[in-house]
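So you can see what is in the structure, the chains are spelled out below.
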Amino acid sequence: MKFSILIANYNNGKYFKDCFQSLLSQKYQNWEAVILDDASTDDSVEIIKKIVENDERFRIYHNETNSGVGVTKNKLIELAKGEICGFVDPDDAILSTAISSSIEIYQKKPDVVLTYSLFTKCDENLKPQEVFNGGKQIINQSPYFFNSPIEIAHFVTFKKNIYNQTEKNGYLYENCRRSGSLSENV
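Predicted model only: the values in this text are computed from it and were never measured.

A. Seen up close, the packing of aromatic side chains. Under the defined criterion, the tally for this structure stands at 6 aromatic pairs. Centroid distance Trp31 to Phe58: 5.6 Å. Interplanar angle 85°. Geometry classified as edge-to-face. In this pair, Trp31 is assigned in strand E2 (residues 31-37) and Phe58 in strand E3 (residues 58-62), connecting sequence segments 27 residues apart. For the pair Trp31 and Phe58, a shared accessibility class is recorded, and that class is buried. Look at Phe158 and Tyr163: their rings are 5.6 Å apart centre to centre, the planes differ by 45°, and that puts the pair in the tilted class. Taken individually, Phe158 and Tyr163 each receive the classification buried, so the pair is uniform in this respect. One aromatic cluster in this structure is built from Phe16, Phe20, Trp31 and Phe58.

Shown next, in the form of structure tokens:
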């Protein structure tokens, strides 16, 4: 089962090294990382390219103009080759078991279509500070299931084929993107 790690970047190259190291430490090895830069105004792209050089699992793309995180994440899903996708922010790190834990759930429970992790707030040295307890199980009977990530936190993974079957609420998406109030929405 191929896993696509999806990374939407905007001016976060200076933090990417820790993210990169956390991906290299993954116990599950059948993964790719797809990075889409959203027209960064700093040297993020150069930094990221230098960090990932010679690792063919990483593919880097660029938005010609800044499109916002919602548009960028939707494009990342389209670019993904994996059966399972998961978003990781370029300034985040995930535990070495993050992908394997998700894959294990999908293999044991074929009806599961989405997993998510706990979110631990860390300092600049990745020393844990506190666990965010805002995440909770979400009801998945809605055709707008993937339009409600406000209910979940951090490392969200999902079956790409199920995502592709969901209805997309264009009005909600455009309204949120323009206002910026729900910038993490897919």
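B. Just the packing of helix H1 (residues 16-24) against helix H2 (residues 44-52), in detail. One way to put it is that H1 packs onto H2 with a least axis distance of 10 Å and a crossing angle of 30°. Between H1 and H2, the crossing angle belongs to the class labelled roughly parallel. Crossing of H1 against H2: the hand is right-handed. Between H1 and H2, the contacting residues are Phe16, Lys17 and Phe20 on the first element and Ile48, Ile51 and Val52 on the second.

C. Local environment of the nonpolar core. Counting 22 residues, the largest nonpolar core has Phe3, Ile5, Phe16, Leu23, Phe58 and Ile99 as its most contacted members. Other than its neighbours up to four places away in sequence, Phe58 contacts Phe16, Phe20, Leu23, Trp31, Ala33, Ile35 and Val52. One finds Ala8, Leu36, Cys85 and Val113 within the second-largest nonpolar core, a separate group that totals 14 residues.

The rules behind these values
Residues numbered from 1 in each chain as written. Predicted model: local features only at pLDDT ≥ 70, side-chain atom pairs only at ≥ 80, totals over all residues. Heavy atoms only, no water. Phe/Tyr/Trp six-rings, centres within 6.5 Å; stacked < 30°, edge-to-face > 60°. Helix = DSSP H or I, 4+ residues; strand = E, 2+ residues; numbered from the N terminus. Buried < 20%, exposed > 50% of the residue type's maximum accessible area, 1.4 Å probe, protein only. Axes fitted to C-alpha atoms, helices over the stretch in contact; angles between N-to-C directions. Parallel < 35°, antiparallel > 145°, perpendicular 65-115°, else oblique. Left-handed = near helix turned anticlockwise from the far one by under 90°. Contact = heavy atoms within 4.5 Å. Core = buried A, V, L, I, M, F, W, Y, C linked by side-chain atoms within 4.5 Å.

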